[in-house]
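Each chain, written out:
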Amino acid sequence: MKLSTRHLNAIEPLTKADIELIFSQADQFKEVLNRPIKKVPSLRDVTIANLFFENSTRTRLSFELAEKRLGADVVNFSASNSSVKKGETLIDTVNNILSMKVDMVVMRHSAPGACDFIAQRTNAVVVNAGDGTHEHPTQGLLDAYSIREKLGQVKGKRVVIVGDITHSRVGLSNIYCLQKLGAEVMVCGPTTLIPKYIHELGVQVEHNLEKALEWCDVANMLRIQLERQDTSVPYFPSLREYSAMFGLTQDRLNALSKDIVVMHPGPINRGVEITSEVADGSNSIILNQVENGVAIRMAALFILSQGLTRK
Amino acid sequence: MTKQVTLISNNLLNMMIQRLCKQLIENHKDFTNSLLVGLQPRGTFLCERIVAELHAMGVQVKHGVVDPTFYRDDFRIHEKPLVAKSTYLPENIDGMRVVLIDDVLYTGRTIRAGMESLMEYGRPKNIELLVLIDRKKGREIPVEANYVGKEVESLKNERVKVLWKNEGAKEDHVIFLNE
């Protein structure tokens, strides 16, 4: 069993069998993470570079922990204190790092397709840790994995993704991943933050949060990405209005006829898309998502590393 | 062309398993501090059989499974990618007498990886090895079994495979393949 791709740049090209293979290995790594010695030596002769051209805390830490717990050597790079500031191009930066005998690259970049660009031009195995508004495949995988863990399976479940769908790489990866596993997906948010042709992906569109919540088994609340909304005309009048229309509150949960699972990929803007009460409440699996992130990333790196032949 | 013959029939295999169980009882007495561990993937079938046989003999024994995949020395060398299976140990193995169980002992490399995996869970008092088939001539590292069902002389192009009812075979038996 191996993945149908050499790199993990997106969920879109993966098959259902690929995703299930990653999940089955993540199960084993969850067991590893729960024992006294949380480390295996499988990748001890592999060097991984974490290239973060964009800010990150959770994803970067999660990848670094996953790499270290597989026994890999890790080098970290962040654009804020590098030669990128001096005008070096992306391919030059990456080639310089690769010439130091690096085998795998985990990359986050603000340009959609940046990881694919590197994958096509270097020999390294590339893992996308978020490329602009395109995809964030490991987040999509860990979200679906967390749903599987909580509800037993993903197939047949109804998942609503609420918020800034236009600027969200998490949203797109979630849509692909959940659909491949047989879930029904709905997106919900203000008209301005829902891409015009999103229905072509086979998702339902709803602009009323109450109706969306009543429909779903799982609500994945996305963050409003103010840093990507750099237009002179705002996408919605005010955060307060957004929160009133699309914020998940305990009252909205209480009004439902059933219990739903609440997710959030982080970082949370408490009081905007979700209240503290809900984020820390019994429906929330937000911290489980973070825990599962390490296991999923270990699984992905473990499987992808087998595409590197040992010299 | 692959030539295939039955090496050990179901009857003989049952007798071998009973003998192995009696040897275990002789050495472990009441099994209070003992743990049987099947090595994933194929050692688990033998482990299940032995646990059931001991049970029939009136002996209760704790048992678990260990997966050696993450500790293998051929990771990223084989054409065929490795896929890890589950590990489960019923309790802390510190100070326990562990019997590692696998179906066929050949190069000894899987056993080494299995032992390394096991040691990550604690410090057992000792580890013994029980195998159904010992392919004597194939050893690449110094690993020997404490309990052996049958020793088999074989060449590199030959294979010995134990087929289990629990994985879909008609009955438990051992075959010999010449490729």
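Keep in mind it's a predicted model, so treat the numbers as computed, not measured.

## Section: the overall build of chain B
Right, on to step 1. Across its full length, chain B carries three helices and eight strands.
Right, on to step 2. Tracing chain B from N to C terminus, the helices and strands come up as β-α-β-α-β-β-α-β-β-β-β.
Right, on to step 3. Scaling as 2.2 N^0.38, a compact globule of 179 residues should have a C-alpha radius of gyration of about 16 Å, and chain B matches this with 16 Å.
Right, on to step 4. Dimensions of chain B, computed from C-alpha atoms along their principal axes, come out at roughly 50 × 40 × 30 Å.
Right, on to step 5. Within chain B, buried positions represent 37% of all 179 residues.
Right, on to step 6. Contacts spanning at least 24 positions in sequence make up 69% of the contacts within chain B whose residues lie at least 6 apart.

## Notes on the sheet that holds strand E6 (residues 184–188) of chain A
All names here are of chain A.
Right, on to step 1. Judged by pairing direction, the sheet is parallel, and its five strands sit side by side in the order E7-E6-E5-E8-E9 without closing on themselves. The open sheet is flanked by strand E7 (204–206) and strand E9 (261–263), the only strands paired with a single partner. Each strand axis lies, on average, 25° off the axis of its neighbour in the sheet, ignoring direction.
Right, on to step 2. As paired strands, E6 and E7 are joined by three bridges and run parallel to one another. Looking at the pairing, Cys188 lines up with Glu206 of E7.

## Brief notes about the domain arrangement of chain A
Residue and element names in this part refer to chain A.
Right, on to step 1. Taken domain by domain, chain A consists of domain 1 (16–136 + 291–305) and domain 2 (137–287).
Right, on to step 2. Using C-alpha coordinates to define each centre, domain 1 is positioned 26 Å away from domain 2.
Right, on to step 3. Facing 21 residues of domain 1, the contacting portion of domain 2 comprises 21 residues.
Right, on to step 4. When residues in the side of domain 1 that touches domain 2 are grouped by element, the largest group, six residues, is from helix H11 (residues 286–305).
Right, on to step 5. Of the residues that constitute the side of domain 1 that touches domain 2, the class distribution is seven nonpolar, eight polar and six charged.

## Some points on the interface of chain B and chain A
Right, on to step 1. Counting residues at the interface gives 13 residues for chain B and 15 residues for chain A.
Right, on to step 2. Within the side of chain B that touches chain A, the residues separate by chemical class into eight nonpolar, two polar and three charged.

## What about the confidence of the model for chain B?
Right, on to step 1. Summarising the model, chain B shows a mean pLDDT of 91, and 99% of its residues fall at 70 or more.
Right, on to step 2. Scored as a whole, the predicted complex attains pTM 0.90, and scored at its interfaces, ipTM 0.80.

## Some details on the packing of helix H5 (residues 137–151) of chain A against H11 of chain A
All names here are of chain A.
Right, on to step 1. With their axes 9 Å apart at the nearest point, H5 and H11 run at an angle of 120° to one another. On the basis of their axis angle, the class for H5 and H11 is oblique. Judged by the sense of rotation from one axis to the other, the crossing of H5 with H11 is right-handed. Across the interface between the two elements, Thr138, Leu141, Leu142, Asp143, Tyr145, Ser146 and Glu149 from H5 touch Asn288, Gln289, Asn292, Gly293, Ile296, Arg297 and Ala300 from H11.

## Here's the deal with the sheet that holds strand E4 (residues 97–105) of chain B
All names here are of chain B.
Right, on to step 1. The strand order across the open sheet built from five strands is E3-E2-E4-E5-E6, with neighbouring strands paired in parallel fashion. Edge positions in the open sheet fall to strand E3 (62–66) and strand E6 (147–152), since each of these has one partner strand only. If you compare each strand with its neighbour and ignore which way they point, the axes differ by 25° on average.
Right, on to step 2. Note: strand E2 (residues 34–39) against E3, five bridges, orientation parallel. By the bridge assignment for E3, Leu35 is matched with Lys62.

## A word on unusual backbone geometry
Right, on to step 1. Of the consecutive residues Gly266 of chain A and Pro267 of chain A, the connecting peptide bond is found in the cis state with omega at -10°.
Right, on to step 2. Looking at the element boundaries, Pro267 of chain A is found in the loop between E9 and helix H10 (276–279).
Right, on to step 3. Cis peptide bonds are those with omega within 30 degrees of zero, and the linkage from Gln40 of chain B to Pro41 of chain B qualifies with -5°.
Right, on to step 4. Positive phi outside glycine occurs at Lys29 of chain B, with the angle close to 55°.
Right, on to step 5. Backbone geometry at Arg76 of chain B places phi at a positive 70°, although glycine is not the residue there.
Right, on to step 6. Here Arg76 of chain B is to be found in the loop between E3 and E4.

## So, helix H1 (residues 16–33) of chain A
Right, on to step 1. When the terminal C-alpha atoms of H1 of chain A are compared, their 25 Å separation across 18 residues agrees well with the 26 Å that a helix rising 1.5 Å per residue should span.
Right, on to step 2. Among all positions of H1 of chain A, only Asp18, Ile19, Leu21, Ile22, Gln25, Ala26, Gln28, Phe29 and Val32 of chain A are buried.

## Comments concerning the environment of Glu31 of chain A
Right, on to step 1. By secondary structure assignment, the location of Glu31 of chain A is in helix H1.
Right, on to step 2. Judged by local crowding, Glu31 of chain A falls into the partly exposed class, with 15 C-beta atoms found within 10 Å.
Right, on to step 3. Along the primary structure Glu31 of chain A and Gly140 of chain A are separated by 109 residues, whereas in three dimensions their C-alpha atoms are 21 Å apart.
Right, on to step 4. Once residues lying within four places of it in the same chain are set aside, the contact partners of Glu31 of chain A are Ser86 and Thr87 of chain B.

Cut-off values and rules
Residues numbered from 1 in each chain as written. Chains lettered and ligands numbered in written order. Predicted model: local features only at pLDDT ≥ 70, side-chain atom pairs only at ≥ 80, totals over all residues. Helix = DSSP H or I, 4+ residues; strand = E, 2+ residues; numbered from the N terminus. Rg over C-alpha atoms; globule rule 2.2 N^0.38 Å. Buried ≥ 20, exposed ≤ 12 C-beta atoms within 10 Å, placed from the backbone. Contact = placed C-beta atoms within 7 Å. Pairing = 2+ DSSP bridges. Axes fitted to C-alpha atoms, helices over the stretch in contact; angles between N-to-C directions. Domains from an automatic or database assignment. Nonpolar A, V, L, I, M, F, W, Y, C, P; charged D, E, K, R; others polar. pLDDT = per-residue confidence, 0-100. Parallel < 35°, antiparallel > 145°, perpendicular 65-115°, else oblique. Left-handed = near helix turned anticlockwise from the far one by under 90°. Expected span 1.5 Å × (residues − 1).

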